[in-house]
Amino acid sequence: MHTEASLLPLAQGRLLHMGWTLTKRSAIARKTFATAVGPKEAFVYLYEGASYETNMMIVGDYQSEGRNILCPESRLIPKDCDDEQAAKIIDDFAANAEKVIQASYAARLLRSA
């Protein structure tokens, strides 16, 4: 059964492998993306709360056009899944987050310049 303490090193390892930088704050990782308005950072959080009896949640924060465009990309990680399943969920989250960020207006504008 996963807890935040047991899942944190796995999540950090997967994110580090995918080019994210680990943090010592409430976010577990961050990554800087080049955009037309300058570098912008995305953050990843891992949550285990009272309302998450059977799941943990991995969420991202990247502000674009006045909102967090990673909000709908959050993923549930079942507490009873094995490390391989958890790693796949984390990898899918990170890959999708980068895809969404690259599709943001400021990132598209940089590519078209």
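Because the structure is predicted, anything quoted here is derived from the model rather than measured. (Residues numbered from 1 in each chain as written. Predicted model: local features only at pLDDT ≥ 70, side-chain atom pairs only at ≥ 80, totals over all residues. Heavy atoms only, no water.)

Asks: Got a sec to walk through the nonpolar core? Specific residues and values, please.
Replies: One finds Leu15, Val44, Leu46 and Ile77 to be the most contacted residues of the largest nonpolar core, which totals 23 residues. Contributing elements (two or more residues each) for this core: helix H1 (4-17), strand E2 (29-33), strand E3 (40-47), strand E4 (55-61) and helix H2 (83-102). At six residues, the largest contribution of residues to this core is made by H2. Among residues more than four places away in sequence, those in contact with leucine 46 are Glu4, Leu7, Leu8, Ala11, Ile28, Met56, Met57, Ile58 and Ile77. (Core = buried A, V, L, I, M, F, W, Y, C linked by side-chain atoms within 4.5 Å. Buried < 20%, exposed > 50% of the residue type's maximum accessible area, 1.4 Å probe, protein only. Helix = DSSP H or I, 4+ residues; strand = E, 2+ residues; numbered from the N terminus. Contact = heavy atoms within 4.5 Å.)

Asks: Could you give an account of H1, naming the residues involved and the relevant values?
Replies: The end-to-end C-alpha distance of H1, which contains 14 residues, comes to 19 Å, matching closely the 20 Å that a straight helix rising 1.5 Å per residue would cover. Along H1, the positions that sit buried rather than exposed are Leu7, Ala11, Gln12 and Leu15. For H1, the angular spread of the buried residues around the axis is 135°, confining them to a single face. Among the structural elements, strand E1 (21-22), E2, E3, E4, strand E7 (75-78) and H2 are those in contact with the buried residues of H1. (Expected span 1.5 Å × (residues − 1). Arc of directions from axis to C-beta.)

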